[in-house]
Amino acid sequence: MKSFFIGNMEIKIPIIQGGMGVGISLSGLASAVADAGGIGVISCAGLGLFYPKVKGGYAEKCIVGLKEEIRKCREKTKGVIGVNIMVVLSNYADMARTAIKEKIDVIFAGAGLPLDLPSYLNPDSQTKLVPIVSSSRAAKVICDKWNNNYGYLPDAIVVEGPKAGGHLGFKREQLTDDNYALESLIPEVVSVTSGYKAQKDIPVIAAGGISTGNDISRFIALGASAVQMGSIFVTTEECDASQTFKEVYINSKPEDIQIIESPVGMPGRAINGEFIRNVEKGMEKPKSCPFNCIKTCDYTKSPYCIIKALYNAARGNMKKGYAFAGTNAFLAKKIGNVKDIIDNLKNEFNLATQKQQD
């Protein structure tokens, strides 16, 4: 596997760990992936729930939580670390400003178009800005808006296809349409970024359903510079989720992984379980909203509180929560460690690349 650059920053291994919330990828997992040479990513979603003793309301707890997770990461690794911020979060601006102030290496921003993200940079900021998109059109819109409004182009672009876990930027009928497959999207976005080559080299990162070294080789052959992987790191010792959460992955079968409707207003991919079945029966409707965590969520019309459900799951209470997961999450068979997984991916990649050359 070759290293690649995001701006002037060299990433030794072309693997970005996906930001998984709530509480699945915090400093434990992020620091381990960064230490192995990839980019480790802290998810900003729901961070305040993990710092209940901090003074102030939910918004203040989230800011302190992000600072703490970055600090813990820095203590464990000198590698490259990033944060994942969903644009749909009500504290998106707080999280972006805090991450930049804390000199995070990279901000990955998706679940909405981060059209104003460069506005949070300071003149001396070194933080790289990487939007997450699900179409070449979105990539072009962001590039043009940033360029025209801020004189700035993305430092890289993550293209997340329909096989990803969590929230998906597609309509339900598009999820099985080959025109929207990641294999189609990567060359289209590479074509968009090549149009800005004279101004900036913008590497394209493939994401969604990538689970083997062969997958990595395939997408790099299609023009990607790197890949983003989430589900494969859930069943590691270093992952911040509970053992119970990890076992849901290990015990899952292909038919357990399904598309659900999220209160965020987007389809999502998750592992079926008791909580999801109860949601379908109308048994989990929230009575109040203490967090106001998502801009588009009206709790009076919501079938359940997503932040509580994801927090409960991360802590192991699967009766009151569920696990988001990529389409290949069922491949997990045991708890491993990050280094061994990346070593295995390297070996698979080398074999696949050699076959392509033969």
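Read on for a plain summary of the structure. Since we're looking at a predicted model, the values are computed, not measured.

1. Some words on the packing of helix H6 (residues 213-221) against helix H10 (residues 338-357)
It is at 7 Å that the axes of H6 and H10 come closest, and there the two elements cross at 50 degrees. Between H6 and H10, the interaxial angle falls into the category oblique. Crossing angle aside, the handedness with which H6 passes H10 is right-handed. Across from Gly213, Asn214, Ile216, Ser217, Arg218, Ile220 and Ala221 in H6, the residues of H10 making contact are Leu345, Glu348, Phe349, Ala352, Thr353 and Gln356.

2. Side note on the environment of Lys55
Note that Lys55 resides in the loop between strand S4 (39-43) and helix H2 (58-76). Judged by relative accessible area, which is 77%, Lys55 ranks as exposed.

3. A closer look at the layout of surface pockets
Here the idea is plain: a probe the size of a water molecule rolls over the atoms and shows the empty space left. Looking at the second largest pocket, its volume works out to about 220 Å³. Lining the second largest pocket, in full, are Lys2, Ser3, Phe4, Ser217, Ile220, Ala221, Ala224, Ser225, Phe349, Thr353 and Gln356. Broken down by secondary-structure element, the contributors of at least two residues to the lining of the second largest pocket are H6 and H10. Residue classes in the lining of the second largest pocket are distributed as five nonpolar, five polar and one charged.

4. Details of the packing of aromatic side chains
Counted by the stated rule, this structure contains nine aromatic pairs. Aromatic side chains Phe245 and Tyr249 sit 5.8 Å apart centroid to centroid with 35 degrees between the ring planes, which places their arrangement in the tilted category. Placement of the pair is Phe245 and Tyr249 together in helix H7 (residues 243-250), with a separation of four residues, close to one helical turn. With a centroid separation of 5.8 Å and 80 degrees between ring planes, the pair formed by Tyr304 and Tyr322 is classed as edge-to-face.

5. Thoughts on helix H5 (residues 182-194)
An α-helical turn contains 3.6 residues, so a residue and the one three or four places further along point in the same direction. Over its 13 residues, H5 extends 18 Å from the first C-alpha to the last, a length consistent with the 18 Å expected when each residue adds 1.5 Å. By the burial criterion, the buried members of H5 are Leu182, Leu185, Ile186, Val189, Val192 and Thr193. Projected down its long axis, H5 shows its buried positions confined to an angular sector of 125 degrees, all on one face. Turning to H5, the residues buried within the fold contact helix H4 (136-150), strand S8 (157-160), strand S10 (204-207) and H6.

6. Structural notes on the environment of Lys2
Mapped onto the secondary structure, Lys2 falls in the segment before strand S1 (4-6). In this structure, the C-alpha to C-alpha distance between Lys2 and Pro14, residues twelve residues apart in sequence, is 6.8 Å. In this structure, Lys2 is in contact with Lys12 and Pro14, ignoring residues within four places of it in sequence.

7. Topic: the state of the cysteines
Under the definition given, this model contains zero disulfides. Summary of cysteine pairing: Cys73 is not part of a disulfide, and the nearest cysteine sulfur, belonging to Cys44, is at 11 Å. For Cys73, a relative accessible area of 0% corresponds to the buried category. No disulfide involves Cys239; its nearest neighbouring cysteine sulfur is the one of Cys73, lying 13 Å away. A residue is classified by how much of its surface remains accessible, and Cys239, at 4% relative accessible area, is buried.

Cut-off values and rules
- Residues numbered from 1 in each chain as written.
- Predicted model: local features only at pLDDT ≥ 70, side-chain atom pairs only at ≥ 80, totals over all residues.
- Heavy atoms only, no water.
- Axes fitted to C-alpha atoms, helices over the stretch in contact; angles between N-to-C directions.
- Helix = DSSP H or I, 4+ residues; strand = E, 2+ residues; numbered from the N terminus.
- Parallel < 35°, antiparallel > 145°, perpendicular 65-115°, else oblique.
- Left-handed = near helix turned anticlockwise from the far one by under 90°.
- Contact = heavy atoms within 4.5 Å.
- Buried < 20%, exposed > 50% of the residue type's maximum accessible area, 1.4 Å probe, protein only.
- 1 Å grid on protein atoms, 1.4 Å probe; cavity = no way out; pocket = protein on both sides within 12 Å on 5 of 7 lines; lining within 4 Å.
- Points joined across faces, edges and corners; volume = space filled by probe spheres on them.
- Nonpolar A, V, L, I, M, F, W, Y, C, P; charged D, E, K, R; others polar.
- Phe/Tyr/Trp six-rings, centres within 6.5 Å; stacked < 30°, edge-to-face > 60°.
- Expected span 1.5 Å × (residues − 1).
- Arc of directions from axis to C-beta.
- Disulfide = S-S within 2.5 Å.

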